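Summary of structural features
Here is what each chain is made of, one letter per residue.
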Amino acid sequence: MALPELKQTTTEARLASVTLPEGGCLEPARRAALSRVQGMGLPDRRDEYWKYTRPDTLISVDVTKAAVFETDETPAFSEFDRLQIVFVDGVFDAEASDDLSLEGVSIERLADVQGKDIHWVKDLYGVLEARGQTPVERPLAAFNTAFATDGVVIHVTGTPSKPINLTYRHANDSSDAILHHVIKVDSGAEATILENGPAAARFNKVMEIDIADKGTLHLLRAQGRDHERRAATHLFAHLGEESAFKSFTLTVNGVLTRNEAVVEFTGDNAMAHVAGACVGDGDFHHDDTVFITHDAVNCESRQVFKKVLRNGATGVFQGKILVKEGAQKTDGYQISQSLLLDDDSQFLAKPELEIYADDVACSHGSTSGAIDEDGLFYLRSRGVPIGEATDLMTLAFLAEAVEEIDDSEIAASINDRLYGWLARRR
Amino acid sequence: MLEIKNLHVKLEDEDKQILKGVNLTVEAGKVHAIMGPNGSGKSTLSYVLSGKDGYEVTEGSATLGGEELLELEPEERAALGIFLAFQYPVEIPGVGNMTFLRTAVNSQRKARGEEELSASDFLKVVREKAKTLKIDAEMLKRPVNVGFSGGEKKRNEILQMAMLEPKMCILDETDSGLDVDAMKLVADGVNALRDEGRGFLVITHYQRLLDHIKPDVVHIMANGRIIKTGGPELALEVEHNGYADILTEVA
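Please read these numbers as outputs of a predicted model, since none were measured by experiment. (Residues numbered from 1 in each chain as written. Chains lettered and ligands numbered in written order. Predicted model: local features only at pLDDT ≥ 70, side-chain atom pairs only at ≥ 80, totals over all residues. Heavy atoms only, no water.)

**Here's the deal with the overall build of chain B**
- Of the regular secondary structure elements, chain B holds 10 helices and 12 strands.
- The C-alpha radius of gyration of chain B comes to 18 Å, within 12% of the 18 Å expected for a compact globule of 251 residues.
- Along the three orthogonal principal directions, the C-alpha set of chain B runs to about 55 × 40 × 35 Å.
- Counting every position in chain B, which comprises 251 residues, the buried fraction comes to 53%.
- Restricting the contact set of chain B to residue pairs at least 6 apart, pairs at least 24 apart contribute 69%. (Helix = DSSP H or I, 4+ residues; strand = E, 2+ residues; numbered from the N terminus. Rg over C-alpha atoms; globule rule 2.2 N^0.38 Å. Buried < 20%, exposed > 50% of the residue type's maximum accessible area, 1.4 Å probe, protein only. Contact = heavy atoms within 4.5 Å.)

**A few points about the packing of aromatic side chains**
Residue and element names in this part refer to chain A.
- The full count for this structure, using the stated rule, is 10 aromatic pairs over all chains.
- Note on Phe305 and Phe317: the rings are 5.3 Å apart at their centroids and 40° apart in plane angle, and the pair reads as tilted. Residue Phe305 is found in strand E15 (residues 300-310), and its partner Phe317 is found in strand E16 (residues 314-323); the two are separated by 12 residues along the sequence.
- Positioned above the aromatic ring of Tyr49, the side-chain terminus of Arg258 is 5.2 Å from the ring centre.
- The ring of Trp50 carries Arg258 above its face, with NZ or CZ at 3.7 Å from the centroid. (Phe/Tyr/Trp six-rings, centres within 6.5 Å; stacked < 30°, edge-to-face > 60°. Lys NZ or Arg CZ within 6 Å of the ring centre and 35° of its normal.)

**Overview of the pattern of salt bridges**
Residues and elements named next belong to chain A.
- What the rule picks out here adds up to 40 salt bridges over all chains.
- Lys306 is the salt-bridge partner of Glu400, the closest N and O atoms lying 3.5 Å from each other. Here the residue Glu400 occupies a position in helix H8 (residues 386-402), and Lys306 occupies one in strand E15, the gap between them amounting to 94 residues.
- With a relative accessible area of 5%, Lys306 lands in the buried category. (Salt bridge = Lys/Arg side-chain N within 4 Å of Asp/Glu carboxyl O.)

**Examining the environment of Ile321 of chain A**
Residues and elements named next belong to chain A.
- Tracing the sequence through the fold places Ile321 in strand E16.
- Taking relative accessible area as the criterion, Ile321 reaches 0% and is therefore assigned buried.
- With 13 residues separating them along the chain, Ile321 and Gln334 place their C-alpha atoms 8.3 Å apart.
- Ignoring anything within four residues of it in the chain, the contact list for Ile321 reads Ile292, His294, Gln303, Gly332, Tyr333, Gln334, Glu352, Leu353, Glu354 and Cys362.

**A few points about helix H9 (residues 233-241) of chain B**
Residues and elements named next belong to chain B.
- Within the span of H9, buried status applies to Leu234, Ala235 and Val238. Each buried residue of H9 sits inside an arc of 105° when the element is viewed along its axis, so together they form one side. Of the exposed residues in H9, those oriented more than 90 degrees away from the buried face are Glu233 and His240.
- Check the buried side of H9 and you find it contacts strand E3 (31-35), helix H8 (208-212), strand E11 (217-222), strand E12 (225-230) and helix H10 (244-250).
- Residue Gly242 follows H9 closely and has a positive phi angle near 75°. (Arc of directions from axis to C-beta.)

**Describing the confidence of the model for chain B**
- This prediction gives chain B a mean pLDDT of 92; 100% of its residues lie at or above 70.
- Two summary scores accompany this predicted model of the complex, namely pTM at 0.91 and ipTM at 0.96. (pLDDT = per-residue confidence, 0-100.)

**Some remarks on the packing of helix H4 (residues 119-132) of chain B against helix H6 (residues 150-164) of chain B**
Residues and elements named next belong to chain B.
- Packing of H4 against H6 leaves a shortest axis separation of 10 Å and a crossing angle of 135°. Judged on the interaxial angle alone, H6 and H4 are oblique. With respect to the hand of their crossing, H4 and H6 are arranged in right-handed fashion. The segment H4 lies against H6, with Phe122, Val125, Val126, Lys129 and Ala130 engaging Leu159, Ala162 and Met163. (Axes fitted to C-alpha atoms, helices over the stretch in contact; angles between N-to-C directions. Parallel < 35°, antiparallel > 145°, perpendicular 65-115°, else oblique. Left-handed = near helix turned anticlockwise from the far one by under 90°.)

**Some details on the pairing of strand E17 (residues 331-340) of chain A**
Residues and elements named next belong to chain A.
- Extensive coverage of E17 is indicated by the burial of 7 of its 10 residues.
- By the bridge criterion, 10 bridges tie E15 to E17 in an arrangement that is parallel. Its bridge partner being in E17, Glu300 is matched across the sheet by Asp331.
- Both E17 and strand E19 (residues 361-369) contribute to a ladder of 9 bridges, which runs parallel. Bridged to Gln334 within E19 is His364. (Pairing = 2+ DSSP bridges.)

**Some details on the interface of chain B and chain A**
- Taken together, the contacts link 30 residues of chain B with 22 residues of chain A.
- Taking both sides of the interface into account, the surface hidden between chain B and chain A amounts to around 2,000 Å²; carbon and sulfur atoms contribute 64%.
- Together, Glu75, Phe86 and Val90 of chain B form the three largest contributors to the area buried by chain B at its contact with chain A, with a combined 25%.
- The tally of links from chain B across to chain A stands at 4 salt bridges.
- The partner of Arg380 of chain A in a salt bridge is Glu73 of chain B, and the shortest N-O contact between them spans 2.5 Å.
- Our count for the chain B to chain A interface comes out at 11 residue pairs in polar contact (both at pLDDT 80 or more).
- Looking at the side of chain B that touches chain A, the elements with two or more residues in it are helix H1 (42-50), helix H2 (74-80), strand E6 (82-85), strand E7 (92-96), helix H3 (97-111) and H6 of chain B. (Buried area = accessible area lost by both parts, 1.4 Å probe. Polar contact = N/O pair within 3.5 Å; in protein donor to acceptor, adjacent residues only side chain to side chain.)

As structure tokens, then:
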């Protein structure tokens, strides 16, 4: 079917502005992704899936400039022993990065891999993204597969002694970064991946994650404080039997963020937790779009999203649990809540359940509310001034999402960071 | 110490008068108890003194050590020395009990122009006071009141009181939901704080708390007023005969 004329025009214009990297083992996947984009067209505001978030600036030929945020704050996760991999405006920076060798894991740069004729990554690159295109189209992810210029491929074979930290630095006010990472976790292996920083003026990122039976992956993100940056990220996770995937994303600032998470259970007795906390002030639009497919028995999924919004900030949540026929004993939980600190801010939520099995427990809830007055009075009656009391109650609101982080030191670090940000805005 | 004169209070949102002329003076070093049937205005009095939203003072005044309270924000009243032990202490997830206590203590010290307590000094004091209330290190680490039992919550209130060293302590039905042992522990905590410079206002339905925290003066409140004042024997009278006799007597 032909695309609507406007969509056809904008898609063609955008495709004409980028070059598909040629040669090597990834070219077929890139070409297939390109034809997916041509078939779907890039998103526009008439698309149901983009009803609450305007994609214009994410697909335009020119990048809307974003000033680089100057701060003396130490970047997230700095205090932890980690293997750091640095990208500046979407380009791998070897000098700023650590040596990529670490026991229990092999790490390679995507740009190095794609020149090779044979590599394990060709069986995953663009494959999980393509699977994630049904039943809902995600054209920005296919666009990423076709045109990604850099990224890392990580093969977790054991239990690395420290987390792998992808750090994204933003240095140029009109940079346009397209990164694509592939993570493969072997059976019984376990790793933690940290991501931090704003990446670029405009950032399109895809992470494909394949977790084999009994594998575990922790993913923790802090999306950087640059006020004007825009980001569209996708993660596609494919979970084997008795595997576990736990992700937490912290977002403070950024005019536009769309984080999509697509999780598919194909092996029994697995679990996936996808959580996020965001704090937005003023010109801030934050969209969490989650799609979890249960296609196996006795799997547990949790979605926990909390948004603090003020001065006209907007929060969006589109979360779906799809339980396929035969996916018995599914335990699906979904909660999305916003704390609206004034009347100008808004939260738009679309929770969805679609269930084709009869022995499942699925629940979802969504609320918008003001700060808890009883808690606020309790703190003030102990002498805590109203500004600080409001911040503490804000942390209390975010707690359920932050508690999704298994590592108590990282959770405490995220909490301290949040409290510091809140205090500075008081 | 605390002086309440002709206090009239209505609900902010509806035309309902709750307090209709309360007069009460609590001297330093004394324990006053207020008893009274449900809906008499006891809890409202405690909220109005500590500054909770939702009430409108239509007449009268309340002062602490000569300073007018009713115009002040709750945190300013706290710094001045008002402390309310809540009937239902609020749970605050994500905020550690210890962080909360230190924030409260140091906020008050700052407001009074005193030096803030260092982390190590604070820790020393809090550990010692927690021990006498049988509050362990685990409870201090946990988020404020989250997952605490009824007794633990009330002990945590008394710990806050001990740390903040207020001039005027108001206890709003601190005995509710406590078994005998827990009540004794809480009462011991309160008694340890009794001294010359501090006043107490103990709000309760029952005489039994007053067996452990012996009051100097007992007031009976009904329909927004204090209708009778006497010694500890008045509480015993209520325990035996209920409020009906007193209510008819003053009618």
